[in-house]
Every structure is written in structure tokens, then in C-alpha cells.
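Listed here are the chains, written in short residue letters.
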Amino acid sequence: EDQVTQSPEALRLQEGESSSLNCSYTVSGLRGLFWYRQDPGKGPEFLFTLYSAGEEKEKERLKATLTKKESFLHITAPKPEDSATYLCAVQAHSSTGKLIFGQGTTLQVKP
Amino acid sequence: SAVISQKPSRDICQRGTSLTIQCQVDSQVTMMFWYRQQPGQSLTLIATANQGSEATYESGFVIDKFPISRPNLTFSTLTVSNMSPEDSSIYLCSGLTGEAEAFFGQGTRLTVV
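These remarks concern the structure in this document. This structure is a prediction, so every number in the text was calculated from the model and none was measured. (Residues numbered from 1 in each chain as written. Chains lettered and ligands numbered in written order. Predicted model: local features only at pLDDT ≥ 70, side-chain atom pairs only at ≥ 80, totals over all residues. Heavy atoms only, no water.)

Let us look at the sheet that holds strand S7 (residues 68-72) of chain B. All names here are of chain B. The four strands lie next to each other as S1-S3-S8-S7, forming an open sheet whose pairing is antiparallel. Sheet topology places strand S1 (4-7) and S7 at the edges, where each strand pairs with a single neighbour. Taken over all neighbouring pairs, the strand axes of this sheet differ in orientation by 15° on average, direction set aside. Judged from the six bridges that link them, strand S3 (residues 19-25) and strand S8 (residues 75-80) form a sheet pairing that is antiparallel. Counted as the bridge partner of Leu-19 is Val-80 from S8. (Pairing = 2+ DSSP bridges. Helix = DSSP H or I, 4+ residues; strand = E, 2+ residues; numbered from the N terminus. Axes fitted to C-alpha atoms, helices over the stretch in contact; angles between N-to-C directions.)

Below, the structure is given as C-alpha cells:
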């Protein structure tokens, strides 16, 4: 069964304190791994798609990496506005395009 | 990227009634999906909205409770029927682009009283 597990569930950082969020997955043939940011009361905002092990993508203070079993979302020198829930999802080759989501990591960055 | 517009953004409904949520996507979307996000939880797929034919439902979701229409490539509706307080959730429409990137609407926050 395809499954996604994110850790930690919650993370508190001081402004400027870099850290990483983890997304472990099992899937029968990975088509893509997705990272989203979700603010309270809003829909998920697309951040990255990663397709193969070794791939990396960056956007501002965020960098996503992918291995055959997990993905990391690295946050460098975070700011309070980076506070949000970060969701990881996988899409299998065998699927019709649907995503399977992890439970998310809620990040709080304190000034 | 794709633009997904969803309405209403929120509603408070009486139990036993039905609510229809509308989703409009731009032309870059190839597939459309409906998800549910219960309070404090992650997203769960309800169904894939198929153009001109019956939706494909995930385990635990049935057409009588969540009828879905997709009359054309860019528009879909989800109806939550005979609502109970357990249906209180955020309902999200999603569109998949040709590059297999999935974008989401802002969601409909439903409260059933």
C-alpha cells in the first residue's frame, strides 16, 4: 500500500535557525513527489515536484531533495512568514494522477 | 501554474440538507480531483472527476453521498448530500496539469449544524 509519513509533526524554530523536514514514502513506482505549503484556512500552495532520486529544487529559503525512500525540505534561515503547515504527497505511476498525502509538519518560526 | 477557483469559500448548513460546491479551472488542467480535509488532518481523496462520465470514487466514498459532475474540461461540482455534523470539513478541488503538477483551490469550509 502506498504510504507517506512526515516528521516531525510540529517544529518550532527561532528566526534564522535552519532545519529540515522529512517525508518518508513507500510507493509502487514513484511518478512524482510533491511539496506544498498550507496556511490556515487556505488551500495547499504548490512548492515543488521531484521526479527522481538525486534531484534537488530550490525556491527562496526552501530546498527540496529526493532519495529512493525519502525527501527532505530544508529551510535556511527561516523567517516568521515561513510559518505554515508543509505537506508532502506522492503520485504513483499506476495512479490516475491522484496524490497520497502525509499528515504534514506544522512549522512555527518565532522572531 | 494553473488557476483554480472554488465557491463558496465557506458555508454553514443544517443537517439533512445538501450543498453543491463549484470548481472552475483554467485550460491548462487535464484532470480534476476532489479532496476532503477534516479538522487537523491531512487531505484524503474523495474521487476523480471524469469529463462526461461518472466519477471514480475512492474506498469509503459513494456516489449517493458525494455526487460529482464534470460537464466539460474546466468545470466540476461536488455535492455533499444529506449532511450530518461528521461532514464538517474543508473540501478542496484540485487540477492536474500536463506536466503532472497538481494545484488546489482555496477550499470550501463546511460546517454542519
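After that view of the structure, there is still more to cover.
Attention shifts here to the side chain of B:Asp87. Residues and elements named next belong to chain B. Its place among the elements puts Asp-87 in the loop between S8 and strand S9 (89-97). Residue Asp-87 is classed as buried on the basis of its relative accessible area, which comes to 5%. Sequence-distant contacts of Asp-87, defined by excluding residues within four places in its chain, comprise Lys-65, Phe-66, Val-80, Asn-82, Leu-110 and Val-112. (Buried < 20%, exposed > 50% of the residue type's maximum accessible area, 1.4 Å probe, protein only. Contact = heavy atoms within 4.5 Å.)

All right, on to the interface of chain B and chain A then. On the chain A side, the residues contacting the 21 residues of chain B number 19 residues. Both faces combined, the contact of chain B with chain A buries some 1,600 Å², and carbon together with sulfur accounts for 52% of it. Considering only the side of chain B, the residues that lose the most area to chain A are B:Ser42, B:Phe104 and B:Gln106, jointly responsible for 26% of the buried surface there. Linking chain B with chain A are one salt bridge, by the criterion used here. Between B:Glu58 and A:Lys98 there is a salt bridge, with the nearest N and O atoms lying 2.8 Å from each other. Put simply, chain B and chain A have six residue pairs in polar contact (both at pLDDT 80 or more) between them. When residues of the side of chain B that touches chain A are traced back to their parent elements, those giving at least two are strand S4 (29-37), strand S5 (43-49), S9 and strand S10 (102-104) of chain B. Looking at side-chain class alone, the side of chain B that touches chain A contains eleven nonpolar, six polar and four charged residues. (Buried area = accessible area lost by both parts, 1.4 Å probe. Salt bridge = Lys/Arg side-chain N within 4 Å of Asp/Glu carboxyl O. Polar contact = N/O pair within 3.5 Å; in protein donor to acceptor, adjacent residues only side chain to side chain. Nonpolar A, V, L, I, M, F, W, Y, C, P; charged D, E, K, R; others polar.)

The residue after A:Ser7, namely A:Pro8, is reached through a cis peptide bond having omega -10°. Following B:Lys7, the chain continues to B:Pro8 via a peptide bond in cis, the omega torsion being 5°. Inspection of the secondary structure puts B:Pro8 in the loop between S1 and strand S2 (10-13). In this structure, A:Glu60 takes a positive phi of about 55° despite not being glycine. Relative to the helices and strands, A:Glu60 resides in the loop between strand S6 (56-59) and strand S7 (62-66). Although it is not a glycine, B:Asn82 sits at a positive phi angle of roughly 45°.

Quick look at the state of the cysteines now. In protein chemistry, a disulfide is the covalent bond that joins the sulfur atoms of two cysteines. Enumeration according to the criterion identifies two disulfides over all chains in this entry. Residue pairing for A:Cys23: its cysteine sulfur links by disulfide to A:Cys88, the two sulfurs lying 1.9 Å apart. For the disulfide bridge between A:Cys23 and A:Cys88, the dihedral angle about the S-S bond is near -65°, and by the sign convention the bridge is left-handed. Of this pair, A:Cys23 sits in strand S3 (residues 19-26) while A:Cys88 is found in strand S9 (residues 84-92), placing the two residues 65 residues apart along the sequence. Judged by its relative accessible area of 0%, A:Cys88 is buried. In this model, B:Cys23 is linked to B:Cys93 through a disulfide, with the two sulfur atoms separated by 1.9 Å. Handedness of the B:Cys23-B:Cys93 disulfide follows from its S-S torsion of about -70°: it is left-handed. Taken together, the residues span a long stretch of sequence, with B:Cys23 in strand S3 and B:Cys93 in strand S9 at a distance of 70 residues. B:Cys93 carries the same exposure label as B:Cys23, and that label is buried. Among the cysteines around B:Cys13, which has no disulfide bond, B:Cys23 carries the closest sulfur, lying 18 Å off. (Disulfide = S-S within 2.5 Å.)

With 42 residues, the main nonpolar core has A:Tyr36, A:Phe101, B:Trp34 and B:Tyr35 as its most contacted residues. In contact with A:Phe101, other than residues within four places in its own chain, are A:Val4, A:Tyr36, A:Leu87, A:Cys88, A:Ala89, B:Tyr35, B:Ser42, B:Leu43 and B:Phe104. (Core = buried A, V, L, I, M, F, W, Y, C linked by side-chain atoms within 4.5 Å.)

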